[in-house]
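Chains, contacts and geometry: an overview
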Amino acid sequence: MGALSLARLALAVAGLGLLLLPWHGLEGGVADIASWPGGAAAPLVALLPGGERWWLWPLVPLLVAPLPALAAGRVPGRLLAACGAGAIAWVFLQGHAIGLRGVAWPVLEPWLGEVRQTSLGWGAAAVLAGAAGLVATGLAARGRFGGDAFIAFLVVGSAGLLLLFVFVPLLTILSAAVVEDGRLAPAALAARVTTPEAWSLACLADRQGCGVVWNTLALASLTGVLSTLLGLAFALLAARGNVRAMPAFRAMTILPLITPPFVVSLSLIVLFGRTGLVTGWMWEWFGIPRTRWIYGLPGVLLAQVLAQAPIAFVLLEGAVRAIGPSLEEAASTMGARRFTVFRTVTWPLLRPALAAAFLLGFVESLADFGNPLVLGGDFDVLSTRIFFAIAGARHDPGQAAALALLLLMLTFGAFALQALWIGKRRYTTVTGKGDSGVPAPLPRGLKFVCGAVAWPWMAFTAAVYGIILVGGFVHDIGRGDMAFTWRHFLTGFEVEWLDGMAFRGSAWDSLFTTIQVAAVSAPLTAGLGILLAWLLARQSFPGRRSLEFMTMLSFAIPGTVVGVSYILAFNVPPVELTGTALILVICFVFRNLPVGVRGGIAALAQIDRSLDEASATMGGGAVQTLRRVILPLLRPAIVAALAFSFVHAMTAVSAVIFLVSARHNLATVYIVGRVEAGEMALAIAYSTVLILIMLAVVLGIERLVGRAQIGRRAVPATPMRAGA
Amino acid sequence: MVSRRTLAAAAVAGALAAALPGVARAQGQLTVYCSVQEEWCRPMMAAFERATGVRVAMTRRSSGETMTQIRAEAANPRGDVWWGGTGDPHMQAAQENLTVEYRSPRLSELQPWAVRQAEQTGFRTVGIYAGALGYSYNATELARRRITAPRCWADLARPEFRGEVQVADPNTSGTAYTMLATLVQIMGEEPAFTYLRALHQNVNQYTRSGAAPARAAATGETLVGITFLHDAVTQKVGGAPVELVAPCEGTGYEIGSMSIIRGARNMENARRFFDWALTAEAQALGAEARSYQLPSNRNAPIPPQAPRFEDVRLIDYDFARWGSSQERTRLLDRWQREVRAAAR
């Protein structure tokens, strides 16, 4: 898209915000629109002449100034950038300066007098979007971003969104780490970060507990390693082992993804708790005493590996299939034995995928909140400790912020290590050139080992999900009361026919909201994520590293911290979102964004740049290359991002527990309440319904968007589902 | 292709409509933060809607979470009334000026403990129910191990209960903090900590939620669970083989409370709800919802299953002293240092 047309479009959008859309947020909901163009829904142009919003006048000249030049077909870079930036700055400055209860900054009091205003609305949002477009075209016209206005707009826009919805809320809450009793205290930060509660090594000496940081690190590393190894075993069997169990494999990979939190933990308790089914058999048949081993590191680890191994499998399977067989063929032709080929060719090519699988397992384990909550016992990790520092009986936001900083540090440490291990080597295997050959079968010993690991694990997974399936239909599975009943489903999902359908079950409201929010946030997440991935992987522009950092930031922050930071940042004007469904959508989009971005980057890393260059040589601009070349090749990554963000939006808990409101409650929060009340059966029944819905959606998305076929002869390759 | 696009457009439009910032209308509405079990919250709100015609928007969260929410929203409050949940956070909210004073005309109908709590907080909160602290044990498991039934706090420190007692972590749960403060008041601080160190040897897990040990005792995951007795009653009524114990040395109790949030948008309705929730009829709803606390209105029927205060040796629990954040922090720090950190 040319700079001129983009600038005109941006100005039009800003004009729309100025002239038509309600400037302030609609306090009374959609019904307020009736009062347009006056009252609560008044656009800015109706507010200005009255003089009550006189401090907004500067916006008008800022937005009118570029008009003559643009109308004449010129793109004055400096002017556009200055006007756009000025408008953005002014909107936020006045919004922060003049709040609900009058002037926020005492310095301005004598100048402004008695003024107050409510939050920014759709009109302000449109003006901001237009102003961002002006800044972008201005910068592009001055030669930045390779002179491409489209890329400039993407960068400026996404950077603005990330700043607003990731960086600022985090800064708000993390600054609590250096504040004590309302004053700045760097010494308090030092004390909080180095507290023995986090770093104690007492567990090595005697039978005390260790610091939370060590606990968290141990758990995350174990989860990462075990799930990667299990995933690798499954991936090798599936891609190279000639096993005819693909449907079972696929089912196993999807199930943990679509499982709401807590259920796996509950099921593990039913199986291995002190009065559990397996524990009981062990006692009766072998005299193994009933113990409580499941509560603590082993239980949490088991639950996390159950969830992560399939994700590792998906990642690694794609990578194994994507390895061009010609390299391996070359090695065999030169006389290498099968195991040597595997060791020297296949394994090194898998390195990025292995690193990615480990990293995902590691990071997901750091962020996991539900499993440690239910199964942790005395074993404390950072995520739960942070939650209770904020919401526990001893309210200590400073400590919570310090612990969150530690968690952040661990996550970024993991990313840094990954970058170090993969190094600067190239792993491209999908090129524009033809690539034929049959992949080498697995060495026999390796196949045996993989099978010995994979099949028992499969059986174990089946048992865990079997319990979930049964649990919703019996009286109380926790106490072994196995009489069949519909009671739990009736409580949650009763439907009555009284002149029309009436949803009487107590779970309906939260179910409808959840589906709505997930359905809106999933495409937004996938779209923004893939765009960002493409920007980060294929474009070079100043500030690229910082943009990448910001996309990863929200992944590294525990959900509880995100939730509380969103209330702190968005409960008062200028950006007032609490209590709406919008805040849930935004929270999900930016929380799940990293997955779309990482998946997209991983997929792009395997697509040779020569394809982009070919498109560019033939005269394709950025938009065309993206649309015609990159997006079709990225289809699998898009499918993965869509499915993943939908599923995550339906299963997230810790981030939204503070954001739900009476009108917009979510399924997971409802389930947490059931678990708290000890009503495991109802929780399990609800989870079964959620699992079915998510299954239908994931399969539906796959059908709708389609699975990519990367053309190779001999073996029809299945998709590279990177970064699921 | 066209149909898919139309579909997508419709979805987006619908979503936008749903996502438009919408806040409760000023008339005929009320936002309640509810901190008891969902089964009790729902009929309570429905009954109030029927009685007054006011539309209630209710959010259920634990009392700690609600406290966090109210604190975070202090600059622009969203809720009107905070109903239910243990009294400590309500008193903290009163102390932090997050709630407002309201003297309900129904104060005269209340039990003395409820009135005293209101007086102590300058009428910023009021007791709506009370529940005694105690423990429950799994009778089946106890018989299988041939252990004599415990009757007192001291019994729980006996060696045969090693690894068999479950209690919440006072850092995360008001229930466990109530136990800590109760023991200090019964025994004196030094002997109480000696006892807690002995009990620590027998604790298999410090749970995070206060009511979790009752459930664990019901399923046999632990032999003894220390909770409020009404949580254990719920398990017993549900058919679990548990027996309840009100310890012989005496025990403390919680006062479930209600407060009006400062800056409530529907102040008029908030007061109406406040008055209504103190009536005998409203308080009778608890038992129907399988919550067996003792109602604060003297005329409200006491559920037959509820552990009666007459049968329990209640101590004169000093809520003002042990609820203050200073004492709380000191006790919790000491517990963390001397009890929790000890080897076992």
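Scroll up for the structure.
Residues numbered from 1 in each chain as written. Chains lettered and ligands numbered in written order. Predicted model: local features only at pLDDT ≥ 70, side-chain atom pairs only at ≥ 80, totals over all residues.

1. Examining the overall build of chain A
Applied cut-off: Helix numbers and strand numbers start at the N terminus; a helix is a DSSP run of H or I with at least 4 residues, a strand a run of E with at least 2. Note on method: radius of gyration uses C-alpha positions; expected globular size equals 2.2 Å times residues raised to 0.38. To assign burial, the other C-beta atoms lying within 10 Å of each residue's own C-beta are counted, with C-beta atoms placed from the backbone; 20 or more indicates buried, 12 or fewer indicates exposed, and intermediate counts indicate partly exposed.
The number of helices and strands found in chain A is 32 helices and eight strands. Relative to a compact globule of 724 residues, whose C-alpha radius of gyration would be 27 Å, chain A shows 28 Å and is just as compact. Each principal axis of the C-alpha atoms in chain A carries an extent, and together these give about 85 × 65 × 65 Å. Here chain A holds 724 residues, and 52% of them are scored as buried.

2. A look at the environment of L201 of chain A
All names here are of chain A. Formally: By the convention adopted here, residues are in contact when the distance between their C-beta atoms, placed from the backbone, does not exceed 7 Å.
By the element assignment, L201 lies in the loop between α10 (196–199) and α11 (202–205). Residues L201 and F150 lie 51 residues apart in sequence; the distance between their C-alpha atoms is 53 Å. Apart from residues lying up to four places away in sequence, L201 is in contact with C210, G211 and W214.

3. With respect to the nonpolar core
Basically, it comes down to this: When buried Ala, Val, Leu, Ile, Met, Phe, Trp, Tyr and Cys residues are joined through C-beta atoms within 7 Å, the set is termed a nonpolar core.
Grouped together as the largest cluster of nonpolar side chains are 234 residues, with contacts concentrated most on V127, A152, L316, L403, C587 and V656 of chain A. If near-sequence neighbours (up to four positions away) are discounted, C587 of chain A is found in contact with V562, Y566, A655, V656 and L659 of chain A. Grouped together as the second largest cluster of nonpolar side chains are 90 residues, M44, A94, L180 and F274 of chain B included.

4. A look at the packing of helix α17 (residues 325–333) of chain A against helix α18 (residues 338–367) of chain A
Residue and element names in this part refer to chain A. Heads up, the condition is: Simply put, an axis is a line fit to the C-alpha atoms, just over the touching stretch for a helix, and the angle between two N-to-C directions goes from 0 to 180 degrees. For any pair of crossing helices, the crossing counts as left-handed if the nearer helix is rotated counterclockwise from the farther one by less than a right angle, and right-handed if it is rotated clockwise. Basically, the charged four are Asp, Glu, Lys and Arg, the nonpolar ten are Ala, Val, Leu, Ile, Met, Phe, Trp, Tyr, Cys and Pro, and anything else, Gly included, counts as polar.
Where α17 contacts α18, the axes come no closer than 10 Å and their chain directions differ by 145 degrees. As for how α17 packs across α18, the hand of that crossing is right-handed. Within the contact between the two elements, α17 uses L327, E328, A331 and S332 and α18 uses V341, T344, V345 and T346. Across the contact of α17 with α18, the residue classes break down as four nonpolar, three polar and one charged.

5. With respect to the packing of helix α1 (residues 3–19) of chain A against helix α7 (residues 122–141) of chain A
Residues and elements named next belong to chain A. Applicable threshold: Small angles under 35 degrees read as roughly parallel and large ones over 145 as roughly antiparallel, with 65 to 115 read as roughly perpendicular and the rest as oblique.
With their axes 7 Å apart at the nearest point, α1 and α7 run at an angle of 160 degrees to one another. With respect to α7, the element α1 is oriented roughly antiparallel. Where α1 crosses over α7, the two elements pack in a sense that is left-handed. In terms of residue class, the contact of α1 with α7 is made up of 19 nonpolar, five polar and no charged.

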